[in-house]
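# Understanding the architecture of this molecule
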Amino acid sequence: MVKDKPQKVSVIIPFRNEAENLPFLVRDLLAQSYPKNRVEVVFVDDHSSDGSGSVLDSMVSGISGFSHLPLLPGNSGKKAALYHGIQHASNERLIQVDADCRLGPHFIASHMAFLEKHPSDLVAGLLSTSQGKGGFLEAFERLDLMALAGTGAGSFALGRPMMCSGANLAYSRDLYMETRVFDPVETCESGDDMFLMIGARKLKRTLAFNTACEACVETAPVPSFRALLSQRIRWGAKSTRYGMADIQMLAVLVALTNLIVLLMPLWFFLYTEGWPCLAGAWIVKSLVDFLLIYRVSGLCQQKAGLHWFLPVSLAYYPVFFLSLVGSLLGRTSWKGAV
């Protein structure tokens, strides 16, 4: 239920080469149930080369509350685009989404209602993928994102937030400005979401997770396995910079567990008498993973793809290994930004 005089909010959307996705996002924003005169939408163009700016201008020109800002020469990357947009935003309360996302009509209203009921400096939300061409790659990404979202929501509920996504975040301007000191902007291109969350934890701010279906964001499926792997490498590469012991210990534990499972065929060969224990441990882990994804798929109303769980879970471990190696050896960037 929206109050008679609801709080004003600014939606910040950095983008780079999103000409195909921007029209869908603009339509979703125009269809929001939250009062139009209480919403400001700020798009920031990070030097797109595919005509994204022209596409956006053709849709939002003359629409009250919508603005399109080009990122200044000499600056590039998602973090610079976010900062530029937040500097020009009019409101204290901010919502951050990615340009390739789809939003339900009550997305903003859900976050703002949640904030009224649970006053917080930062609120994270669920993330899944929108319906694409279907198939194994899309199922892999969707189930993986649901597992990450479920893990993040659980960590928030336990009072020790471990992960969140910049595709679905609500926070205050003051928090963003105060946490910039914790973000190694010059040496780490990605991680705006995680460093914001870590900064909020270090400042002992109030953090919460909105699990409402209305606040779930659907991101466009990646077009190829190479893009999926590149995305996971970018996510993994920033983990060494977090400076938060429990988060880094969790990352090490997850890496060791996944490597042990990946090498399980070798364990069967070397320790033939121990195979029942190894198989039992894998079955228990898989069951826990399935229950987590099942729960999140219900929240996101996307249970239809759960039949992919077994093949995805088997493929996950070699993909994780490739991502781990890539994150340790590779250099990352945001959509070609330098």
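Since we're looking at a predicted model, the values are computed, not measured. (Residues numbered from 1 in each chain as written. Predicted model: local features only at pLDDT ≥ 70, side-chain atom pairs only at ≥ 80, totals over all residues. Heavy atoms only, no water.)

### Observations regarding unusual backbone geometry
Of note in this structure, Asn17 is not a glycine but carries a positive phi near 55 degrees. Position of Asn17 among the secondary structure elements: in the loop between strand S1 (9-15) and helix H1 (22-30). Among the residues examined, Asn17 registers a relative accessible area of 31% and is labelled partly exposed. (Helix = DSSP H or I, 4+ residues; strand = E, 2+ residues; numbered from the N terminus. Buried < 20%, exposed > 50% of the residue type's maximum accessible area, 1.4 Å probe, protein only.)

### Observations regarding the side chain of Asn168
Looking at the secondary structure, you find Asn168 in the loop between helix H5 (136-157) and strand S8 (169-172). Residue Asn168 is classed as buried on the basis of its relative accessible area of 0%. Among the polar contacts made by the side chain of Asn168, one reaches the main-chain carbonyl oxygen of Leu126 at a distance of 2.9 Å. Sequence-distant contacts of Asn168, defined by excluding residues within four places in its chain, comprise Gln96, Phe107, His111, Val123, Ala124, Gly125, Leu126, Ala215, Cys216 and Val217. (Polar contact = N/O pair within 3.5 Å; in protein donor to acceptor, adjacent residues only side chain to side chain. Contact = heavy atoms within 4.5 Å.)

### Some points on empty space enclosed by the protein
Throughout the structure, instances matching the rule amount to 1 cavity of 30 Å³ or more. Computed from the structure, the largest cavity encloses a volume of approximately 110 Å³. Breaking the lining of the largest cavity down by element, the ones donating at least two residues are helix H3 (78-88), helix H6 (173-179) and helix H7 (192-202). Of the residues that constitute the lining of the largest cavity, the class distribution is 5 nonpolar, 1 polar and 4 charged. (1 Å grid on protein atoms, 1.4 Å probe; cavity = no way out; pocket = protein on both sides within 12 Å on 5 of 7 lines; lining within 4 Å. Points joined across faces, edges and corners; volume = space filled by probe spheres on them. Nonpolar A, V, L, I, M, F, W, Y, C, P; charged D, E, K, R; others polar.)

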